[in-house]
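Residue-level listing of the chains:
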Amino acid sequence: MNRRFFISFSTYTFIGASNLLYSNNIIFNKFQFRKDIYNIIESVQKHFFPQDSQLPFASEFSSIEFLVSTIYHKRFDKDIRNFVISGAKDFISQENGQFINYNREDKEIALRKFENSSRGSKWLSRIMILSMEALLSDPIYGGNFRKSGWIALDTKGGNPKPKSRYINL
Amino acid sequence: MKDIIYDVAIIGSGASGGAVAYQLCKAGYKVVILEKGQLIQRDEFSKDELAYCRRDIVTPNLFDEFHTIEEKIDGKWIETPTYQSGWSFWNGNIVGGSSNFMSGMFHRMHPDDFRLKTIYGKIDGANVEDWVINYNDLEPYYRLAEDLVGISGYSKKHKYEAPRSRLKFFQPPTEENNIVNLFDKCCNKLNITPLVTARAVLSKNIGKRDACYYSNFCGSYGCSSGAKGSSREAFISPALATGNLTLLSNSHVTHLDSSEKIIKQANIINNITNQKLKIYAKFFVVASQAHESVRLLLNSANKFHPNGLSNSSGELGKNLIFSAGGAGGGTFYKDDMSKIDFNNLMDRGLFINRSILDWYIKDDWWKPKEKGGLVEFMFEHQNNISRAVNSRYKDNRLLWGEELAKKLKDKFTKTKTLRFEIFNDWLPTDDCFISIDKKRKDKYGMPVGKLRINAHPKDLEIAYNISKKVKIILKEMGAKDIYSSISAVPPQNLIAGGCRFGDNPKTSVIDKNCKSHDIKNLFIADASFMPTGGSTPYSWTIYANALRVGEEVVKVLQKKL
Ligand SMILES: Cc1cc2nc3c(=O)[nH]c(=O)nc-3n(C[C@H](O)[C@H](O)[C@H](O)COP(=O)(O)OP(=O)(O)OC[C@H]3O[C@@H](n4cnc5c(N)ncnc54)[C@H](O)[C@@H]3O)c2cc1C
Ligand code: SF4
């Protein structure tokens, strides 16, 4: 099984203050994440988890901040990190950098068009997985603000809750 | 400073290593456990899905340490390192090994499983051999493991249930979800016998271990109450309490140095400080989980043993087996329930504890007896992220927005999926073995293990036939979307074989007490000794046999000293 294939098709199997840590500038400075890449991923996530849905809005559960801090964590697979970034560049170029300015209908058309290519569909799937991790992981990771993801789905995490991210023993 | 010479050095602290250490420490011997992983204590575990289930926090990073998997694709053997596929063959590399993360569904092997060749005859294309011990030899250790690990259950007479020298279980079963009433009723109607699955989980407090609190997140997670009978809880803690055990965590054994007849030392590298050390002992017990034990012995080749330690037979690594068969399930929909109140299904954390043994042996009067398999039932794993991730598509289209919200809401609040797993013999064949990959090395510079994986066609046929019968039960229960998936892809967490035991040094790696035929002070304690694996998950047998091996090492030490 080829890794590229796997990366793309894998189906795997009280923040409060911590949100403030993720102001955009800190993220850009710390990870040198290009602003256009940040913006397009954020915009895609907002389309995936819009404001008027039964699930929390993407920015309510800090989906982009979660994504950036997650993919730059030392335990995260570096191939997937590179894929997240290079896929974003492809999407920017497909839409000539205009995606973030589109209205909802045009965004839908652009995303479905990108999904038609194998690389595009894999990238969208990866952004979705990372967004779902933000929505439903323990709030200690900075997403799932005040357990809003769990509450929306009438579910809970288990006990005991983690006291630090990634078992930082 | 003079080097310490331990009585016994054990490589690996999982189910097998812990049980051996316990026996030795209780008998008063000085033991060192060399464990590559870190120590995570009971009160440090949490139900952190991201850390435990979606990142390699309790297993090595696949770019640092990996395996090479060889699968037959379109008639050709294709090699893929696991850092490419992401298909990890690490199962839990912390003190206590994979046993920290098991679900604890425990089964004994049937007496026939020890004499498969004699009773069921030769099977073309399979290297089936009888065990050199029989069920009665292992029964006292199954019972001992039941008491020490803390196995709860309820014994009901069944023609294929392995005989028990004590009928009553160590503890009564854990609490069960109401669905079992419907399950039992439907089975009875279909003339199928539902049995209570034994579990390596305490239903009552005992000593320093508290009863299960039904955390809803058992398999793949460490246990915070001590209820789960991991090696860490059941064996390593009491062994440490004797004062005879030295536990060296973060200590990866790269290779063993030996003369012609004796292992002299284990070479370890501390995976935090990179410091190298040599550990001396009178006896060495390898217990690193089947595939890694084989790799360690192959990587320890030297001028006396050019093909690896304990490999004069050339059998080391051969006949790798898995505990597998197939899986499937069916879903109950809140809006379409007639046989049970949906709210009952949503009670968090309670177990199902049901298995079926009716098809373990096919014993029809008109044809020769054949082996079948066991079926185990459980709810779909309750991990929130993975349940959402698995629901992200509809007709190969990624869902988002309101469509996704509706699907997830329905999935989480209006459905419950009952799963089943089939375990039947994974027949040992020439096309399923462990070797070392001469081209690829891990971060310590040692060749990685290469696993060639292939299943015998018979395995798939048996699993398929059983799955058809299980689906009838699910249908009777009112489940919808019933499916099964039977394939030759093995579960990487249930692994055995590679160091067959036997009386003949020309055809086996170790003797009936799991002592090397070639090297006087080497024992192998994990599931690699198994020539066949029965139609059950392995861990009760692993615990039982390791307790037996521990006792043998004590006997040898007593004679020596
Ligand atoms: C999620 C999950 C669910 C499971 N559920 C069940 C179940 O319901 N029923 C059942 O019967 N079984 C179950 N199992 C399987 C069970 O955990 C294993 O069969 C059992 O733990 C194997 O014991 P072992 O001693 O061979 O290996 P392990 O318990 O894995 O221990 C091996 C140890 O050796 C260490 N090691 C390896 N190489 C080296 C080295 N070179 N140097 C130092 N240390 C080394 C490893 O880090 C590890 O700690 C499950 C496993 C998992 C992961
Ligand atoms: S408390 Fe019970 S359910 Fe939770 S991990 Fe421990 S044994 Fe499993």
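Residues numbered from 1 in each chain as written. Chains lettered and ligands numbered in written order. Predicted model: local features only at pLDDT ≥ 70, side-chain atom pairs only at ≥ 80, totals over all residues. Heavy atoms only, no water.

Colleague: Mind laying out the site of ligand 1, listing which residues take part and the relevant values?
Modeller: Residues and elements named next belong to chain B. Residues in close proximity to ligand 1 total 36 residues, the closest being Ser16, Glu35, Asn93, Ser98 and Ser539. Within the backbone of Val253, one N or O atom sits 3.0 Å away from a nitrogen atom of ligand 1. Gln289 places a side-chain nitrogen or oxygen 3.5 Å from an oxygen atom of ligand 1. Contact with the protein chains removes 94% of the 1,000 Å² of surface that ligand 1 exposes when unbound. Taken together, the elements giving at least two residues each to the shell around ligand 1 come down to helix H1 (15-26), strand E5 (105-106), strand E9 (251-258) and helix H13 (539-560). If you tally residues by element for the shell around ligand 1, the top one is E9, at three residues. The residue inventory of the shell around ligand 1, partitioned by class, reads 14 nonpolar, 19 polar and three charged. (Near = heavy atom within 4 Å. Polar contact = N/O pair within 3.5 Å; in protein donor to acceptor, adjacent residues only side chain to side chain. Areas by Shrake-Rupley, 256 points an atom, 1.4 Å probe, with all protein chains shown as cover. Helix = DSSP H or I, 4+ residues; strand = E, 2+ residues; numbered from the N terminus. Nonpolar A, V, L, I, M, F, W, Y, C, P; charged D, E, K, R; others polar.)

Colleague: Account for the site of ligand 2, naming residues and giving values.
Modeller: In the vicinity of ligand 2, the contacting residues are Lys47, Val201, Cys212, Tyr213, Ser215, Phe217, Cys218, Cys223, Ser225, Ala227, Lys228 and Phe351 of chain B. For the shell around ligand 2, a count of residues per class yields eight nonpolar, two polar and two charged.

Colleague: Run through the interface of chain A and chain B, naming residues and quoting values.
Modeller: The interface is formed by 53 residues belonging to chain A together with 53 residues belonging to chain B. Surface buried jointly by chain A and chain B totals about 4,500 Å² across both partners, of which 58% is contributed by carbon and sulfur atoms. Joining chain A to chain B, the criterion identifies three salt bridges. Note that Arg75 of chain A is salt-bridged to Asp56 of chain B, the shortest N-O span being 3.8 Å. Our count for the contact surface shared by chain A and chain B stands at 17 residue pairs in polar contact (both at pLDDT 80 or more). At the level of secondary structure, the elements contributing two or more residues to the side of chain A that touches chain B comprise helix H1 (3-9), helix H4 (35-48), helix H5 (63-71), helix H6 (78-94), helix H7 (104-116), helix H8 (118-136) and helix H9 (148-152) of chain A. Top contributing element to the side of chain A that touches chain B by residue count: H8 of chain A, with seven residues. Counted by class, the side of chain A that touches chain B contains 25 nonpolar, 14 polar and 14 charged residues. (Contact = heavy atoms within 4.5 Å. Buried area = accessible area lost by both parts, 1.4 Å probe. Salt bridge = Lys/Arg side-chain N within 4 Å of Asp/Glu carboxyl O.)

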